[in-house]
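# Analysis of the macromolecular model
Below are the chains, spelled out letter by letter.
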Amino acid sequence: REAYKAAAASLFSSGAERRNKREALQAKFLVLYHQLCAFRKGVELFEDKDRELFDKYLLKTVCSEITNLIFSDRAEWAGHKVEGGVVSSAEERTAVLGALPSSAK
């Protein structure tokens, strides 16, 4: 009976942990997406030359953060261990992509 209670508690707590992680991921993603949308609207006010520079900056900052967030989630889903738990470089993204099953690519 005690083993059953321990197993049930483990299952329910792991489900709650996954749900909390998913909600945190979704919240981070939405914040970054809204930042990107706001920045894109602001970039439209600049001239073409400056707009191009801001676009490159957005790609290197906010878009990279969004990509890293998605790859970090997929790495955890695939059971691929990432240093610090967060994907933060192109090499790590490549390693995660290689660790994913072909159906998830």
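Everything that follows concerns the structure shown earlier in this document.
Conventions and cut-offs
Residues numbered from 1 in each chain as written. Predicted model: local features only at pLDDT ≥ 70, side-chain atom pairs only at ≥ 80, totals over all residues. Heavy atoms only, no water. Phe/Tyr/Trp six-rings, centres within 6.5 Å; stacked < 30°, edge-to-face > 60°. Helix = DSSP H or I, 4+ residues; strand = E, 2+ residues; numbered from the N terminus. Buried < 20%, exposed > 50% of the residue type's maximum accessible area, 1.4 Å probe, protein only. 1 Å grid on protein atoms, 1.4 Å probe; cavity = no way out; pocket = protein on both sides within 12 Å on 5 of 7 lines; lining within 4 Å. Points joined across faces, edges and corners; volume = space filled by probe spheres on them. Nonpolar A, V, L, I, M, F, W, Y, C, P; charged D, E, K, R; others polar. Core = buried A, V, L, I, M, F, W, Y, C linked by side-chain atoms within 4.5 Å. Contact = heavy atoms within 4.5 Å. Patch = residues over 30% accessible without salt bridge, like charges linked within 9 Å, V, L, I, M, F, W, Y side chains within 5 Å. Areas by Shrake-Rupley, 256 points an atom, 1.4 Å probe, with all protein chains shown as cover. Salt bridge = Lys/Arg side-chain N within 4 Å of Asp/Glu carboxyl O.

In this structure the tally under the stated criterion is two aromatic pairs. Summarising the aromatic geometry, the rings of F29 and Y33 are spaced 6.4 Å apart at their centres and angled 10° between planes, so their arrangement reads as stacked. One end of the pair, F29, and the other, Y33, are both in helix α1 (residues 2-43), four residues apart, so they sit about a helical turn from each other. Ring centres of F46 and F54 lie 4.6 Å apart, and the angle between their planes is 40°; on these two criteria the pair is classed as tilted. Residue class for F46 comes out partly exposed when judged on its relative accessible area of 36%.

Taking a probe equal in size to a water molecule and rolling it over the atoms shows the remaining empty space. The volume enclosed by the largest pocket comes to roughly 610 Å³. Looking at the largest pocket, it is lined by 23 residues, and the ones nearest its centre are K21, L25, S72, D73 and E76. The residue inventory of the lining of the largest pocket, partitioned by class, reads nine nonpolar, five polar and nine charged.

Turning to the nonpolar core, a few remarks are in order. Burial of nonpolar side chains together is a common tendency in soluble globular proteins. Counting eight residues, the largest nonpolar core consists of L25, L32, L36, V43, L58, V62, I66 and L69. Those elements that place two or more of their residues in this core are α1 and α2 (48-78). Those residues within four positions of L32 in sequence are excluded, and the remaining contacts are V62, E65, I66 and L69. Residues F71, A75, V82 and V96 belong to the second largest nonpolar core, which totals five residues.

With that out of the way, let us pick up a nonpolar patch on the surface. On the surface, F29, L30, Y33 and I70 cluster together into a nonpolar patch covering about 340 Å² of accessible area. Counting residues per element, the nonpolar patch draws most heavily on α1, which supplies three residues. Considering the arrangement of structural elements, one finds L30 in helix α1.

That is the geometry; function is a separate question.
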